[in-house]
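Here are the chains, one letter per residue:
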Amino acid sequence: MLKVDVITLFPEMIEGAVSHGVLGQAVKSDLLSVKAHTPREFTEDKHRTVDDRPFGGGDGMIMLAEPLKKTIEKVQHNTSKVVYLSPQGRTLNAAIAKEFSKEEHLIFICGRYGGIDQRIINEYVDEELSIGDYVLSGGELGALVIIDALARFIPGVLGHGESAEKDSFSDGLLEQPNFTRPREFLGQDVPEVLVGGNHKVIGEWKDKVSALVTLKKRPDLFREYIKVETEKYNSLKKKKTAAPIKELKEFFLNLPPQEREVLGLADLREEDFNV
Ligand SMILES: C[S@@+](CC[C@H](N)C(=O)[O-])C[C@H]1O[C@@H](n2cnc3c(N)ncnc32)[C@H](O)[C@@H]1O
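The residue count restarts for each chain, going from 1 along the sequence in the order it is written. Under the rules for a predicted model, residues below a pLDDT of 70 receive no local features and side-chain atom pairs below 80 are neither given nor counted, while totals for whole chains, interfaces and linings still include all residues. To get the side-chain values, take all heavy atoms of the structure and skip hydrogens and water.

Turning to the overall build of the chain, a few remarks are in order. Numbering of helices and strands runs from the N terminus; a helix is a DSSP stretch of H or I covering at least four residues, while a strand is a stretch of E covering at least two. Looking only at helices and strands, the chain features ten helices and nine strands. On the principal axes, the C-alpha backbone points of the chain span a range of 75 × 40 × 40 Å. When each of the 275 residues of the chain is scored for burial, the buried share is 39%. Note on contacts: a residue pair is in contact if any heavy atoms of the two residues lie within 4.5 Å. A sequence separation of at least 24 residues applies to 74% of the contacts in the chain between residues at least 6 apart. When the accessible surface of the chain is split by element, carbon and sulfur atoms take 51% of a total near 16,200 Å². In summary, the charge assignment counts Lys and Arg as positive and Asp and Glu as negative, without counting His or the chain termini. For the purpose of locating charges, the reference atoms are NZ of Lys, CZ of Arg, CG of Asp and CD of Glu. For the chain, the distance from the average position of its 37 positive side-chain charges to the average position of its 45 negative side-chain charges is 5 Å. Burial status follows relative accessibility: with a 1.4 Å probe on protein chains alone, a residue under 20% of its type maximum counts as buried, one over 50% as exposed, and anything between as partly exposed. Residue burial considers only the protein chains on display, and all accessible areas are found by Shrake-Rupley using a 1.4 Å probe.

This is how it looks when you write it as structure tokens:
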């Protein structure tokens, strides 16, 4: 079981969020444990002070080092990875979430106010992690984002038939569009292949549509993907198919206009394949 300890001034934010949905199920099934700890527990003054003014002046308050040190030491052991949620860290992505899901014990430190005393980072933090290039008022939402994203990679957390490996980003591509009943809705029909029942054909079709959706929405990811696929293709001695980009373009050009429409690909153009 992956254990996560979150150090926060607002434990209720963490406890509330991990008791619902996929995370709630993961906790109930003992695949994940998430506990929140507050540095206020380690304050000795009557106001339970956890912050003070920064040396040298400046805006805002800084979280005191001593209560944080004591909270970290309460939960840390030799296999712990200590992560400080910070806008200055490496930016979270699916690969990092997957890497974190393999840890035994994670400690997330959530800053508030102007952040935490640098000496805590120097002494205890293995990694600073950001959830994007913007500033939040606290690390709690960041900690919850990473806990949610990593939990999806823990075997058994997602229900039968679901897999984080099929989600967007896992193979460098975005997921294809999905449809459920009814077959026809608002004058739009579900693509024919999806109701044909041939799972091999459906699988190959989904992979191609996924590549097209990525080309349309995230050409940066698509370029990386097609580079790798082209290298693989060029290293093959006997080539049974056309080059990946050519094959994909042919697949797109053969899609009936109403299917392009229902897949949200109506405005993709032949010249978009010149990557
Ligand atoms: C107002 S911010 C402090 C920002 C800090 N003064 C700076 O400019 O780097 C308070 C806390 O929110 C959290 N935080 C803010 N933005 C974040 C982000 N993009 N990713 C993760 N955590 C963030 C951090 O824990 C931080 O200590």
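This part covers the site of the ligand. The near set for a molecule or strand comprises every residue that places at least one heavy atom within 4 Å of it. Taken together, 19 residues surround the ligand, and among them Y84, L85, G111, Y134 and L136 come closest. Look at the ligand: alone it shows 580 Å² of surface, and the protein chains cover 82% of it. A pocket, in this scheme, is an open set of points on a 1 Å grid over the protein atoms alone with protein on both sides within 12 Å along at least 5 of 7 lines, while a cavity is a set where a 1.4 Å probe fits but cannot get out; residues line either one if an atom lies within 4 Å of a point. A molecule is counted as occupying a cavity or pocket when more than half of its atoms fall within 2 Å of that pocket's grid points. In a pocket analysis with a 2 Å cut-off to the grid points, the ligand is assigned to the second largest pocket. Going through the elements one at a time, β5 (80–91) and β7 (127–130) are the ones with two or more residues in the shell around the ligand. With five residues, β5 is the largest single contributor of residues to the shell around the ligand. A class-by-class count of the residues in the shell around the ligand yields nine nonpolar, ten polar and no charged. Residues were grouped as follows: Ala, Val, Leu, Ile, Met, Phe, Trp, Tyr, Cys and Pro as nonpolar; Asp, Glu, Lys and Arg as charged; and all remaining residues, including Gly, as polar.

Here we come to the pattern of salt bridges. Put simply, a salt bridge is a Lys or Arg side-chain nitrogen that is within 4 Å of an Asp or Glu carboxyl oxygen. The full count for this structure, using the stated rule, is 18 salt bridges. When the shortest N-O distance is used, the salt bridge between E99 and R90 registers 2.9 Å. What makes E99 partly exposed here is its relative accessible area of 34%. Each of the salt bridges in this network shares a partner with another, and the network as a whole consists of K81, R90, E99 and E127.

UniProt positions are given in the numbering used here, feature names are shortened, and annotations may be inferred rather than shown by experiment. UniProt's entry tags G111, I131, G132, D133, Y134, V135 and L136 with the feature "binding site: S-adenosyl-L-methionine" (unreviewed entry), counted in the numbering of this structure. Looking only at the residues we just named, the second largest pocket is lined by G111, I131, G132, Y134, V135 and L136. Among the structural elements, G132 can be located in the loop between β7 and α6 (140–151). Given a relative accessible area of 9%, G132 falls into the buried group.

Let us now look at the sheet that holds strand β6 (residues 105–110). We treat two strands as partners when DSSP finds at least two bridges between them. Strand order in the open sheet made by the five strands is β2-β1-β6-β5-β7, with parallel pairing throughout. Every other strand in the sheet has two partners, leaving β2 (32–37) and β7 as the edge strands with one partner each. With strand direction ignored, the average angle separating the axes of adjacent strands in the sheet is 30°. Sheet topology places strand β1 (residues 2–7) next to β2; six bridges connect them, and they run parallel. Following the sheet pairing, V4 is matched in β2 by V34. Only the stretch in contact is used when fitting a helix axis, every axis being a line fitted to C-alpha atoms; angles between N-to-C directions are given from 0 to 180 degrees.

What follows deals with the pairing of β1. Burial of β1 is extensive: five of the six residues sit out of reach of the surface. By the bridge criterion, five bridges tie β1 to β6 in an arrangement that is parallel. Residue pairing for β6: V4 is matched across the bridge by L106.

Since the α-helix turns once every 3.6 residues, residues separated by three or four places project in the same direction. Looking only at helix α2 (residues 21–28), the buried set comprises L23, G24 and A26. The buried side chains of α2 occupy one side of the element, clustering within an arc of 160° when seen end-on. The outward face of α2, more than 90 degrees from its buried face, is lined by the exposed residues G21 and K28. Where α2 is buried, its residues meet α1 (11–17), β2 and α6. Two residues or fewer past α2, D30 is found with a positive phi of approximately 60°. It is the directions from the helix axis to the C-beta atoms whose arc is reported.

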